[in-house]
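# Observations on the three-dimensional arrangement
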Amino acid sequence: MIAQATTIDAYKLMHEGVLALAQVEANGMKIDLNYLDNALKENSKKIAVLSEEIKSDKVVKVWKKRFGTKTNLDSGDQLGKVLFDSLGYECKEKTDKGKPKTDIGSLETLDIPFVKKYLYLKKLKKAQATYLKGIKRETCNGFLHPVFNLHIAQTFRSSSDSPNFQNLPIRDPMMAELIRRCFIPRKGGRIVETDYSGIEVHAAAWYHKDPVMLSYICDPSKDMHRDMAAQCYKLSTKQVTKLIRYCGKNKFVFPQFYGDWYLSCAPALWSSIDQLKLETAKGTPLKEHLAKKGIYDLGSLNPKVSPVKGTFVHHIMEVQEDFWGRRFKIYTDWKNDWWESYRRTGKFQTLTGFEISGWMKRNEVINYPVQGVAFHCLLWSLINLQKQLKKYKMKTKIVGQIHDSIVSDVPDKEFKDYLEISNEVMTKKIVKHWPWIITPLEVEAEASPVDGSWFEKKAIKVA
DNA sequence: TACTTCGGCGCC
DNA sequence: AAAGGGCGCCGAAGTA
């Protein structure tokens, strides 16, 4: 795949982007070294205790019998042999190389007490090896300077390394606290994070201009994720809880946008019901509710067997057909036209002025321009926000960037100004610069208390 | 010892 | 017609 800037504007974006990110790297983020050292110690103790505890588990005893002195609880190969060979559990999924899968999804279907303890231990080890040690290793004079690349991602996104600033835990509250408490503002400041809300959905709409999607984006009373969650679980929109909406968004809508299909969405939506103990707003368990609607089982996941009516797979297949065939028909037409145009010419052009050519798969051809342009909005904003900070001689420092968000270290005195300037750049100036932005951009802001850690960030009103 | 590939898992 | 887009880092296991 080859990519090239075709306009002065596109070239400038990369040039200024690299310089702006170099400044971000130089700024760096302050690290609470006392906390970090203590966390390393305490977490390592926890790992030791749990490792000892797990030795009395039946599974580990079998493990030791089989592998003796070669026993290694970090070996997925060994775990597979213990569970699916020695203990005779049924192996439902294989890796690409044909070995038994031993990831969370596969293990959770086994329903044995060992799994819970084992996965928890693995989580603590991940926190220790990748995050705490990674931060410690790269911290210099109390500051961490992660690298931000613009020359790696195929899609024209950025990437980050040494350490990767863009994959720090946040969804798991325990992990999030353990890791994010390392990050603190300079004295008298706050960590402030400003995010574009739904920027990739907007970016896609700038290409396809589907009127139904545009009305979802522009009309605040409408809510696509709520509606799709309702349809997937056969609920009225009033019965959709926050958690159910979350599942609709992350197990159906986004995967569908990325090119996924019902045979993989259906089991994800189905297993979420038990894993998250989903209930309707009235408190009816979701499986019970679905049973009332005539759906009792997931149904076959065999792609060669056509889905049986009355199964969840069949239902989600119909939801998918409705989603692309009726609801977002214009979006579908755009995807087909875009793909056909690439097939004719071997290339396509992003809204930001980059030409991308070479051999690509269909999903790549459809996703790259969207993902790239969404990030370019963030990059343009970062460049121009930094210019503003310099112009007004502010002490605020941009310290990081996570695809659709900007992280800054903001002296409390500049807090209000910073929010205002951010909002101005991210939602108003950018629209004047790029006229193809035809949807109203919105920014969500979160901030830590003064001298509080990144973990303590809370949503705040912006503008 | 150094390097590669794989499986796994963290994020958008 | 095909069938999940993009990253970085870890340890295990195999190879040079």
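Predicted model only: the values in this text are computed from it and were never measured.

### Points about the nonpolar core
Core analysis: the biggest nonpolar cluster contains 121 residues, and Phe183, Tyr233, Phe252, Phe312 and Ile316 have the highest contact counts within it. When residues of this core are assigned to their parent elements, the largest contribution, 15 residues, is made by helix 16 (residues 362-391). Of all hydrophobic cores here, the second largest spans 21 residues; its members include Ile47, Leu83, Leu107 and Phe114.

### Quick notes on the domain arrangement of chain A
When its domains are assigned, chain A resolves into domain 1 (7-29 + 142-201 + 369-460), domain 2 (35-138) and domain 3 (211-327). Placing a centre on the C-alpha atoms of domain 2 and another on those of domain 3 gives a separation of 33 Å.

### Details of the pairing of strand 11 (residues 397-401)
Of all five residues in strand 11, four are buried, a share of seventy percent or more. Summarising the sheet, strand 11 and strand 12 (residues 405-411) pair through four bridges and their orientation is antiparallel. Its bridge partner lying in strand 12, Gly400 is registered against Val407. Hairpin connection, strand 11 to strand 12: the antiparallel pair is bridged by three residues, and His403 has positive phi, about 65 degrees.

### Comments concerning the protein's contact with DNA strand B
Close to DNA strand B lie 21 residues; Thr95, Thr102, Arg157, Asn167 and Ile170 are nearest. Backbone sugar and phosphate groups make up 80% of those atoms of DNA strand B lying within 4 Å of the protein. Take Lys97: an N or O atom from its main chain is 3.2 Å from a phosphate oxygen of DNA strand B. In this structure, a phosphate oxygen belonging to DNA strand B sits 2.8 Å away from a main-chain N or O atom of Ile170. Take the surface near DNA strand B: its biggest share by element is three residues, from helix 6 (residues 113-138). Across the surface near DNA strand B, the residue classes tally to six nonpolar, six polar and nine charged.

Scoring rules and cut-offs
- Residues numbered from 1 in each chain as written.
- Chains lettered and ligands numbered in written order.
- Predicted model: local features only at pLDDT ≥ 70, side-chain atom pairs only at ≥ 80, totals over all residues.
- Heavy atoms only, no water.
- Core = buried A, V, L, I, M, F, W, Y, C linked by side-chain atoms within 4.5 Å.
- Buried < 20%, exposed > 50% of the residue type's maximum accessible area, 1.4 Å probe, protein only.
- Helix = DSSP H or I, 4+ residues; strand = E, 2+ residues; numbered from the N terminus.
- Domains from an automatic or database assignment.
- Pairing = 2+ DSSP bridges.
- Near = heavy atom within 4 Å.
- Polar contact = N/O pair within 3.5 Å; in protein donor to acceptor, adjacent residues only side chain to side chain.
- Nonpolar A, V, L, I, M, F, W, Y, C, P; charged D, E, K, R; others polar.

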